[in-house]
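What follows is the residue order along each chain.
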Amino acid sequence: MSAEIKISNVSKIFNQGAAEEVIALNGVDFTIPAGSFVSLIGPSGCGKTTLLRCIAGLENPTSGEVCVDGAKITRPGSDRGFAFQQANLFPWLTIRENVAFGLKARHIYKDRKNDVDEFINLVGLKGFEKSYPHQLSGGMNQRASLARALVGHPKILLLDEPLGALDAFTRMNMQDEILRLKKEHDTTMVMVTHDVDEAVYLSDYVVVMSARPSKVEKVIKIDLSHPRARAQDIFLKYRTEILEILDYAGKVQEVEYTI
């Protein structure tokens, strides 16, 4: 089951009133439909992760509010899973123990222990349950991190650049893995990324954010069915549109040569 996220005029100020006051978000306002995949993209330090943390309940807005299915978010909840940029697995626990950790912390492992094996199998790690994180590749650890975030059946999965440290080919494979997980579990997914191609490949909507103090420059609906071909003209058109908003499209200048 998925959930709608409504972000209403959210502002976030760090060190408010101090000389080093930082306005991270400035009146951010948009709605994420239930069951959709939304990417947040913008310059480094523009507040994308801060906004994700507000949705998670790890930060509270200075003004405005974030609601999930009409309920205001004030703290973390089991309805929202979070996958971080680094896998952040406990090195002293096996893969199975890492995936099961949240269920045990919530004292529901006894009733959900079969889900642990189901999600390990779902992310392609069957046979590695007894392995430790240092024995696996970065991509496999990220798969375990996704399984850990999903095993509690959250309505919303928040992804903070979870693929940023992977090589290009592993990253593309993991993108397909995320899409498969979303399809099978009808989860609302929100991802922070700096990769324009990744945003277009995965998303139903791309939210382009400005430099800090951040606001929404544009919400772009990606009207393409899955699977998507990265080289098709319409894909490149969306890519160019996002780069132009971010002022990174660039211009080709002719160079004069003198002999």
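First things first, this report covers the structure right here in the doc. (Residues numbered from 1 in each chain as written. Predicted model: local features only at pLDDT ≥ 70, side-chain atom pairs only at ≥ 80, totals over all residues. Heavy atoms only, no water.)

### Digging into helix α5 (residues 168-185)
An ideal rise of 1.5 Å per residue puts 26 Å on 18 residues; α5 measures up with 26 Å between its terminal C-alpha atoms. Buried positions along α5 lie against β3 (37-41), α3 (109-122), α4 (138-150), β8 (188-192) and α6 (196-202). The opening residue of α5 is Asp167, an N-cap whose side-chain oxygen sits 3.2 Å from the backbone nitrogen of Phe169. (Helix = DSSP H or I, 4+ residues; strand = E, 2+ residues; numbered from the N terminus. Expected span 1.5 Å × (residues − 1). Contact = heavy atoms within 4.5 Å. Polar contact = N/O pair within 3.5 Å; in protein donor to acceptor, adjacent residues only side chain to side chain.)

### Considering the packing of helix α2 (residues 95-105) against α3
Relative to each other, α2 and α3 sit at 145°, their axes nearing to 9 Å. Crossing of α2 against α3: the hand is right-handed. Contacts from Arg96, Val99, Ala100, Leu103 and Lys104 in α2 reach Tyr109, Arg112, Lys113, Val116, Asp117 and Ile120 in α3. (Axes fitted to C-alpha atoms, helices over the stretch in contact; angles between N-to-C directions. Left-handed = near helix turned anticlockwise from the far one by under 90°.)

### Considerations on the packing of α3 against α5
Two elements in contact, α3 and α5, have axes whose closest approach is 11 Å; the angle formed by their N-to-C orientations is 135°. In terms of orientation, α3 lies oblique with respect to α5. Contacts from Glu118, Phe119 and Leu122 in α3 reach Glu177, Arg180, Leu181, Glu184 and His185 in α5. (Parallel < 35°, antiparallel > 145°, perpendicular 65-115°, else oblique.)

### Considerations on the side chain of Ser11
Turning to its location among the elements, Ser11 is positioned in strand β1 (residues 5-14). Within polar-contact distance, the side chain of Ser11 engages the backbone nitrogen of Gly27 at 2.9 Å. Among all residues touching Ser11, those that are not within four sequence positions of it are Leu25, Asn26, Gly27, Pro61, Thr62 and Ser63.

### Overview of the sheet that holds strand β6 (residues 80-83)
Pairing within the open sheet is mixed, and its six strands lie in the order β6-β7-β8-β3-β9-β10. Each edge of the open sheet is held by one strand with a lone partner, namely β6 and β10 (216-221). Taking each pair of neighbouring strands and ignoring which way they run, the sheet shows an average axis angle of 15°. Here five bridges tie strand β9 (residues 205-209) to β10, and the two strands are oriented antiparallel to one another. By the bridge assignment, Met209 is partnered in β10 with Val216. Seen against the sheet, α5 touches β3 and β8 and runs at an angle of roughly 155° to β8. (Pairing = 2+ DSSP bridges.)

### Some words on the state of the cysteines
Scanning the model with the defined rule gives zero disulfides in all. Not engaged in a disulfide, the cysteine Cys46 finds its nearest cysteine sulfur in Cys54; these two sulfurs lie 13 Å apart. Taking the relative accessible area as the measure of exposure, Cys46 reaches 1% and is therefore buried. Summary of cysteine pairing: Cys67 is not part of a disulfide, and the nearest cysteine sulfur, belonging to Cys54, is at 12 Å. (Disulfide = S-S within 2.5 Å. Buried < 20%, exposed > 50% of the residue type's maximum accessible area, 1.4 Å probe, protein only.)

### Quick word on the pattern of salt bridges
Per the counting criterion, the structure on display carries 13 salt bridges. A salt bridge links Asp117 to Arg96, with the nearest nitrogen and oxygen atoms 3.0 Å apart. Of this pair, Asp117 sits in helix α3 while Arg96 sits in helix α2; the two residues are 21 residues apart in sequence, bridging distant segments of the chain. Among the salt bridges present, the one from Glu217 reaches Lys215, with a minimum N-O distance of 3.6 Å. Overlapping salt bridges, with partners in common, bring together Arg143, Glu177, Arg180 and Glu184 in one network. (Salt bridge = Lys/Arg side-chain N within 4 Å of Asp/Glu carboxyl O.)

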